[in-house]
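As a plain string of letters, each chain reads:
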Amino acid sequence: QVQLVESGGGLVQPGGSLRLSCASSLRISALDPMAWYRQAPGKQRELVSRITARGITNYAESVKGRATISRDSTKNMMSLEIHNVSPADSAVYYCFGSVPISGLGREDYWGQGTQVIVSS
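This write-up is about the structure you can find in this document. (Residues numbered from 1 in each chain as written. Predicted model: local features only at pLDDT ≥ 70, side-chain atom pairs only at ≥ 80, totals over all residues. Heavy atoms only, no water.)

Now for the nonpolar core. Met34, Trp36, Met78, Leu80 and Tyr93 are the most contacted members of the largest nonpolar core, which has 27 residues in total. Of all the secondary-structure elements, those providing two or more residues to this core are β3 (18-24), β4 (34-39), β5 (46-51), β7 (67-72), β8 (77-82), β9 (91-101) and β11 (114-118). Sorting elements by how many residues they give to this core places β9 first, with four residues. Sequence-distant contacts of Tyr93, defined by excluding residues within four places in its chain, comprise Glu6, Leu20, Trp36, Tyr37, Arg38, Val48, Leu80, Ile82, Gly113, Thr114 and Val116. (Core = buried A, V, L, I, M, F, W, Y, C linked by side-chain atoms within 4.5 Å. Buried < 20%, exposed > 50% of the residue type's maximum accessible area, 1.4 Å probe, protein only. Helix = DSSP H or I, 4+ residues; strand = E, 2+ residues; numbered from the N terminus. Contact = heavy atoms within 4.5 Å.)

Encoded structure:
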């Protein structure tokens, strides 16, 4: 059983920056990939950014150039920074991690979510 806990949500002014963190009960070297998703009211959950165990990253077009995802293996944490935020970035953000299991596929884990509101 893996527990993922997000933190860092709250109110952010348009044009400002936000840093979200995800703490894992399992060493993050065992999670491949990890990712951030978000879901706005009335919208489907969407992928924001992913990072592999080797540090390879990708970003949704909506945040490309404004976001940075990172892993800290010493703290078993993953972070997401978003700069120059707009109301379109308002959503509940979810931490995701996948555990590859040889011969058994993968097990996926989700955090409970943290709400981000971008408003002046």
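Reading across the sheet, the four strands line up as β1-β3-β8-β7 and stay open at both edges, with antiparallel pairing between neighbours. Pairing within the sheet leaves two strands with one partner each, and these edge strands are β1 (4-7) and β7. Adjacent strand axes in the sheet meet at a mean angle of 15 degrees, parallel and antiparallel pairs treated alike. Examined bridge by bridge, β7 and β8 share six bridges and lie antiparallel to one another. (Pairing = 2+ DSSP bridges. Axes fitted to C-alpha atoms, helices over the stretch in contact; angles between N-to-C directions.)

Here we come to unusual backbone geometry. At the junction of Asp32 and Pro33, the peptide bond is cis and its omega measures out at 0 degrees in the coordinates. You can see Pro33 is positioned in the loop between β3 and β4. A positive phi angle, near 50 degrees, is found at Asn84, a position not held by glycine. Counting through the fold element by element, Asn84 comes out in the loop between β8 and β9.

What follows is about the pattern of salt bridges. Applying the stated criterion across every chain yields a total of five salt bridges. Of the charged contacts, one joins Asp89 and Arg38 as a salt bridge, the two residues approaching to 2.9 Å between their closest N and O atoms. Of the two residues, Asp89 sits in the loop between β8 and β9 while Arg38 sits in strand β4, which places them 51 residues apart along the sequence. The two residues Asp89 and Arg38 agree in class, both being buried. With a shortest N-O distance of 3.0 Å, Arg66 and Asp89 are connected by a salt bridge. Of this pair, Arg66 sits in the loop between β6 (57-59) and β7 while Asp89 is found in the loop between β8 and β9, placing the two residues 23 residues apart along the sequence. The residues Arg66 and Asp89 share a single accessibility class, namely buried. Salt bridges sharing common partners tie together Arg38, Glu46, Arg66 and Asp89. (Salt bridge = Lys/Arg side-chain N within 4 Å of Asp/Glu carboxyl O.)

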